Amino acid sequence: LTRSIKLHKTDNNYWFSNDILGIVQDYLDNPIIGNNLTSNIALPMFKGDAFYFKLRLKDMSNYKGKAGVEFYGNGYDAEFTFDFSAMTCTVHRYCSDFTKNAAFSKDRVFPIFMSNMTDVWLEFYVDRTTIEHLTADRQVYTMAKYPRGRSRERIAITSSTDIKFDYEYYQIINERRD
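Quick notes on the rules
- Residue numbers run consecutively from 1 along every chain, following the written order of its sequence.
- Given that the model is predicted, a residue must reach a pLDDT of at least 70 before its local features are reported, and side-chain atom pairs must reach 80 or more before they are shown or counted; all residues, however, enter totals for whole chains, interfaces and linings.
- Computation of side-chain values covers all heavy atoms of the structure but excludes hydrogens and water.
- Runs of E in the DSSP output that reach at least two residues are strands. Runs of H or I that reach at least four are helices, and both are numbered from the N terminus.
- The reference for a compact globule is 2.2 Å times residues^0.38; the radius of gyration itself is calculated from the C-alpha atoms.
- Contacts between residues were defined by any pair of non-hydrogen atoms, one from each residue, lying within 4.5 Å.
- Each accessible area is a Shrake-Rupley estimate made with a 1.4 Å probe; only the visible protein chains count as cover when residues are assessed.
- Only four residue types enter the charge count, namely Lys and Arg as positive and Asp and Glu as negative; His and the chain termini do not.
- In plain terms, the charge of a residue is placed at NZ if it is Lys, CZ if Arg, CG if Asp and CD if Glu.
- Here, nonpolar core refers to any group of buried Ala, Val, Leu, Ile, Met, Phe, Trp, Tyr and Cys residues whose side-chain atoms link them within 4.5 Å.
- With a 1.4 Å probe rolled over the protein chains alone, any residue whose accessible area is under 20% of its type maximum counts as buried; one over 50% counts as exposed, and the rest are partly exposed.
- By salt bridge we mean one thing: a side-chain nitrogen of Lys or Arg within 4 Å of a carboxyl oxygen of Asp or Glu.
- Cavities and pockets are defined on a 1 Å grid built over the protein atoms alone: a cavity is a set of grid points where a 1.4 Å probe fits but cannot escape, while a pocket is an open set with protein on both sides within 12 Å along at least five of seven lines, and lining residues are those with an atom within 4 Å of any such point.
- Grid points are joined across faces, edges and corners, and a volume is the space filled by probe spheres set on the points.
- In this count, Pro and Cys sit with the nonpolar residues alongside Ala, Val, Leu, Ile, Met, Phe, Trp and Tyr, while Asp, Glu, Lys and Arg are called charged and the others, Gly among them, polar.
- Each pair of strands is called paired provided DSSP finds at least two bridges between the two strands.
- For helices, the fitted axis covers only the stretch in contact; all axes are lines through C-alpha atoms, and the angles between them, taken along N-to-C directions, range from 0 to 180 degrees.
- In protein, a polar contact means a hydrogen-donor-capable atom and an acceptor-capable atom, both N or O and within 3.5 Å, with residues adjacent in sequence counting only if both atoms are side-chain atoms; elsewhere, any N or O pair within 3.5 Å suffices.

J.: When you look at the overall build of the protein chain in this model, what are you seeing that I'm missing?
T.: Regarding its fold elements, the protein chain presents one helix and 14 strands. Computed over C-alpha atoms, the radius of gyration of the protein chain comes to 17 Å, within 12% of the 16 Å expected from 2.2 N^0.38 for 178 residues, which places it in the range of a compact globule. Projected onto its principal axes, the C-alpha coordinates of the protein chain cover approximately 55 × 45 × 40 Å. For the protein chain, the proportion of contacts with a sequence separation of at least 24, taken over those separated by at least 6, is 63%. Per element, the accessible surface of the protein chain, about 10000 Å² overall, is 48% carbon and sulfur. Looking at charge distribution, the protein chain has the averaged site of its 23 positive side-chain charges lying 3 Å from that of its 23 negative ones.

J.: Please clarify how the nonpolar core should be interpreted in this entry.
T.: Soluble globular proteins: nonpolar side chains tend toward being buried together. F53, F71 and F80 are the most contacted members of the largest nonpolar core, which has 35 residues in total. Of all the secondary-structure elements, those providing two or more residues to this core are strand 5 (51–57), strand 6 (66–72), strand 7 (76–83), strand 8 (88–95), strand 10 (120–126), strand 12 (140–144), strand 13 (154–159) and strand 14 (164–171).

J.: I tried to follow the pattern of salt bridges on my own but got confused; where do I start?
T.: Two side chains bearing opposite charge may form a pair once their charged atoms approach each other closely. With the rule as written, the count across this model stands at three salt bridges. Between R56 and D119 there is a salt bridge, and its shortest N-O distance comes to 3.1 Å. Linking R56 in strand 5 with D119 in the loop between strand 9 (108–111) and strand 10, this pair joins segments that are 63 residues apart in sequence. With a closest N to O distance of 3.3 Å, D166 and K58 form a salt bridge. With D166 in strand 14 and K58 in the loop between strand 5 and strand 6, this residue pair connects regions lying 108 residues apart in the sequence. Summarising the burial analysis for this pair, D166 and K58 share the class buried. One salt-bridge network, held together by shared partners, links R56, K58, D119 and D166.

J.: Can you help me understand the layout of surface pockets in this one?
T.: It is the rolling of a water-molecule-sized probe over the atoms that shows where space remains empty. As a volume, the largest pocket reaches approximately 250 Å³. Forming the walls of the largest pocket are 11 residues, and the residues nearest its centre are D49, R150, Q171, I172 and N174. Per-class residue counts for the lining of the largest pocket are three nonpolar, four polar and four charged.

J.: How do you make sense of the sheet that holds strand 5 when you look at a structure like this?
T.: The strands making up a sheet associate through hydrogen bonds between their backbones, and the pairing can be parallel or antiparallel. Ordered in space as 3-14-5-10-11-12, the six strands form an open sheet in which the pairing is antiparallel. The strands lining the two open edges of the sheet, one partner per strand, are strand 3 (32–38) and strand 12. Direction aside, neighbouring strands of the sheet carry axes that sit 15 degrees apart on average. Note that strand 5 and strand 10 share seven bridges and pair antiparallel. Counted as the bridge partner of L57 is V120 from strand 10.

J.: What's the story with the side chain of E132 in this structure? I'm lost.
T.: Tracing the backbone shows E132 in strand 11 (residues 130–134). A distance of 2.9 Å separates the side chain of E132 from the side chain of T142, its partner in a polar contact.

J.: Explain the environment of N74 here, please?
T.: Counting through the fold element by element, N74 comes out in the loop between strand 6 and strand 7. The exposure class of N74 is partly exposed, given its relative accessible area of 29%. Sequence-wise, N74 and Y146 are 72 residues apart; in three dimensions their C-alpha atoms are separated by 8.6 Å.

J.: Is there a simple way to think about unusual backbone geometry in this case?
T.: Of all residues except glycine, most have a negative phi; of all peptide bonds, most are trans. A positive phi angle, close to 55 degrees, is found at D59, a residue other than glycine. Tracing the sequence through the fold places D59 in the loop between strand 5 and strand 6. For D59, a relative accessible area of 60% puts it in the exposed group. Here M87, not a glycine, exhibits a phi torsion of approximately 55 degrees, which is positive. Along the polypeptide, M87 turns up in the loop between strand 7 and strand 8. Judged by its relative accessible area of 18%, M87 is buried.

Here it is in structure tokens:
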């Protein structure tokens, strides 16, 4: 995930700003697109390892339930659960190598700011060792993942009641496309 990081100075205080620039389009393969699908399904098995996944949840302005995005790979999984009533996201991660590590397995919760949005756009940047989620309000949540080698990815979209969604999946390639 490309960022612009700047060092600022106010009087004798220094601080950083971090702006997300997005992904470099030249390194994305042709997209796999799904339109007007209904939640509570697993998407096709994707090549995985390094990819960009963009999800549009439709007609969400009055939705008060939960919706989730789940990633399953080789020896790990990560589940993002968005609670539109409490306005929180809970992230649960699992790794077969860390089953007895309470700190690793602890759920992380952060606020989401998606009320009054008709369509909610969620973006995920995944590579071999990280998952970064760019929220609808442009905040970033980053977590480590520990697959057991190369990993094909399964992605599931869940919800407490049916919602419609679209998605775009882009494989990130190692060399620039001209």
